[in-house]
Every structure is written in C-alpha cells, then in structure tokens.
Amino acid sequence: MEDNLMQQGIELMLYGMGTVFTFLVLLIATTTLMSALLQRFAKPEPTAPAGKPAAVANDDQLVAIISAAIHKYRSRNK
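Residues numbered from 1 in each chain as written. Predicted model: local features only at pLDDT ≥ 70, side-chain atom pairs only at ≥ 80, totals over all residues. Heavy atoms only, no water.

Chemist: What should I look at first to understand the overall build of the protein in this one?
Modeler: When helices and strands are tallied, the protein shows two helices and zero strands. As displayed, the protein offers around 8,000 Å² of accessible surface, 67% of which is attributable to carbon and sulfur atoms. (Helix = DSSP H or I, 4+ residues; strand = E, 2+ residues; numbered from the N terminus. Areas by Shrake-Rupley, 256 points an atom, 1.4 Å probe, with all protein chains shown as cover.)

Below, the structure written as structure tokens:
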C-alpha cells in the first residue's frame, strides 16, 4: 500500500516538474522570437540633436518653481 502511494507521489512530482519545465522552455522560446522580430521590424528611435536640449530652455523657470516649492515646504515644517 505504501509503495503504491510513494510511486503515485513520484509520478505526480515528475508530471508537475515536466509541465513546469515545458512551460519555461516555451516561454524562453517565445520571448527570444519576439525579441528577434522586434529588432528586425521595429523602427529605430530618433536620436536627440547634438545641440542644446529643449529642456534647458525652461531651466530658469524650473529652478524658480523648485525653489518656491522648497521654501514653502521649509516654512510649513519648521
């Protein structure tokens, strides 16, 4: 009786491990295939021009906003 139960447990363990292994192999294959397809057919992202970035143009305004926020925070939390 106990040998039969042990055999069933081992069979169940092997089926479970085989299922997980199969799923992981399929997952890796699918991910690799999707990566290859995206690299082949995806358009390259545009690169930023070598000049001054657009974010620098608002630099003075950004510094003023951050300074005001810091001043307000410090005045509330003394």
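Chemist: What's the story with a nonpolar patch on the surface in this structure? I'm lost.
Modeler: Residues M6, I10, M13, L14 and M17 make up a contiguous nonpolar surface patch of roughly 530 Å² in combined accessible area. Looking at where M13 falls in the secondary structure, it is placed in helix α1 (residues 2–41). We classify M13 as partly exposed; its relative accessible area is 45%. (Patch = residues over 30% accessible without salt bridge, like charges linked within 9 Å, V, L, I, M, F, W, Y side chains within 5 Å. Salt bridge = Lys/Arg side-chain N within 4 Å of Asp/Glu carboxyl O. Buried < 20%, exposed > 50% of the residue type's maximum accessible area, 1.4 Å probe, protein only.)

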